[in-house]
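Descriptive structure summary
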Amino acid sequence: MIILASNSPRRKELLKGLDIEYRTWVIPDIDESYPETLKAEETAEYISRKKSEPYFLEPHVRNISDNDIVLTADTVVILEGRVMGKPADEAEACQMLRDLSGKEHSVITGVCLRSKTKTKTFSVRTAVEFDNLSDEQIKYYVAKYKPLDKAGAYGVQEWIGYVGVKKLVGSYFNVMGLPVQRIYSELASFK
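Residues numbered from 1 in each chain as written. Predicted model: local features only at pLDDT ≥ 70, side-chain atom pairs only at ≥ 80, totals over all residues. Heavy atoms only, no water.

Brief notes about the overall build of the protein chain
- Helix and strand counts for the protein chain come out as seven helices and seven strands.
- Each helix (α) and strand (β) of the protein chain, taken in turn from the N terminus, gives the series β-α-β-α-β-β-α-β-β-α-α-β-α-α.
- Expected size for 191 residues packed as a compact globule is a radius of gyration near 16 Å; at 17 Å, the protein chain falls within 12% of this value.
- Projected onto its principal axes, the C-alpha coordinates of the protein chain cover approximately 50 × 30 × 30 Å.
- Of all 191 residues assigned to the protein chain, the portion counted as buried reaches 48%.
- Accessible surface, the protein chain: about 9,700 Å² in total, of which carbon and sulfur atoms supply 48%. (Helix = DSSP H or I, 4+ residues; strand = E, 2+ residues; numbered from the N terminus. Rg over C-alpha atoms; globule rule 2.2 N^0.38 Å. Buried < 20%, exposed > 50% of the residue type's maximum accessible area, 1.4 Å probe, protein only. Areas by Shrake-Rupley, 256 points an atom, 1.4 Å probe, with all protein chains shown as cover.)

Structural data, given as structure tokens:
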């Protein structure tokens, strides 16, 4: 049984699309911090692995059977070597989108598959290029869609993706928050 350790509606939708049976279980208030000395490209994997650890400690480990695989993930946006996580408020969301406007950035999702006997961590990178966004477009998107729960302050599957994404190289689903093709492949070999 796969245990999806996420409340993200996008991750639930994407995992469901693989026709894999899973259940959701989220331990609240898991620390998602990372060392400032960590390379930006390693951040998503580090956090995804860190998110998996509490599930295998007492008392939570009692809820995991020998056949269960806990799936944790973390998505970050990297612009010019800087990690962009989730914005704290609408003002920061607008600033993030201004920073991304007219530029190419990377979206990296780190995934950790963990059982009682094995841990596999990997990440997938997608290059995304935004067209130039006007301040009116940015304010409209942030006010209407409230992207405070999204890395880089945007959801590619929402309005801003329709009007702003000029080019995407790699997995579209990775930008949504879960590289499902790679997950499917890794689960097939996870013994």
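Observations regarding the layout of surface pockets
- Approximately 680 Å³ is the volume attributed to the largest pocket.
- Arg 11, Glu 32, Lys 51, Asp 74 and Lys 86 are, among the 34 residues lining the largest pocket, the residues nearest its centre.
- The set of elements that each furnish at least two residues to the lining of the largest pocket consists of helix 1 (9-16), helix 2 (43-52), strand 3 (69-79), strand 4 (82-84) and helix 6 (172-176).
- A per-element tally of the lining of the largest pocket places strand 3 first, with five residues.
- Taken together, the residues of the lining of the largest pocket sort by class into 18 nonpolar, eight polar and eight charged. (1 Å grid on protein atoms, 1.4 Å probe; cavity = no way out; pocket = protein on both sides within 12 Å on 5 of 7 lines; lining within 4 Å. Points joined across faces, edges and corners; volume = space filled by probe spheres on them. Nonpolar A, V, L, I, M, F, W, Y, C, P; charged D, E, K, R; others polar.)

What to know about the pattern of salt bridges
- Applying the stated rule across the entire model yields 17 salt bridges.
- Linking Glu 186 and Lys 120 is a salt bridge whose minimum nitrogen-to-oxygen distance equals 3.7 Å. Of the two residues, Glu 186 sits in helix 7 (residues 180-189) while Lys 120 sits in strand 6 (residues 119-130), which places them 66 residues apart along the sequence.
- When salt bridges that share partners are traced, they join Arg 10, Asp 149, Lys 150 and Glu 158 into one network. (Salt bridge = Lys/Arg side-chain N within 4 Å of Asp/Glu carboxyl O.)

Some details on the side chain of Glu 158
- Here Glu 158 is to be found in the loop between helix 4 (135-145) and helix 5 (159-164).
- The exposure class assigned to Glu 158 is buried, which follows from its relative accessible area of 15%.
- A polar contact is formed between the side chain of Glu 158 and the side chain of Lys 150, at a distance of 3.3 Å.
- With near-sequence residues (within four places) excluded, Glu 158 lies in contact with Tyr 141, Tyr 145 and Lys 150. (Polar contact = N/O pair within 3.5 Å; in protein donor to acceptor, adjacent residues only side chain to side chain. Contact = heavy atoms within 4.5 Å.)

That is the geometry; function is a separate question.
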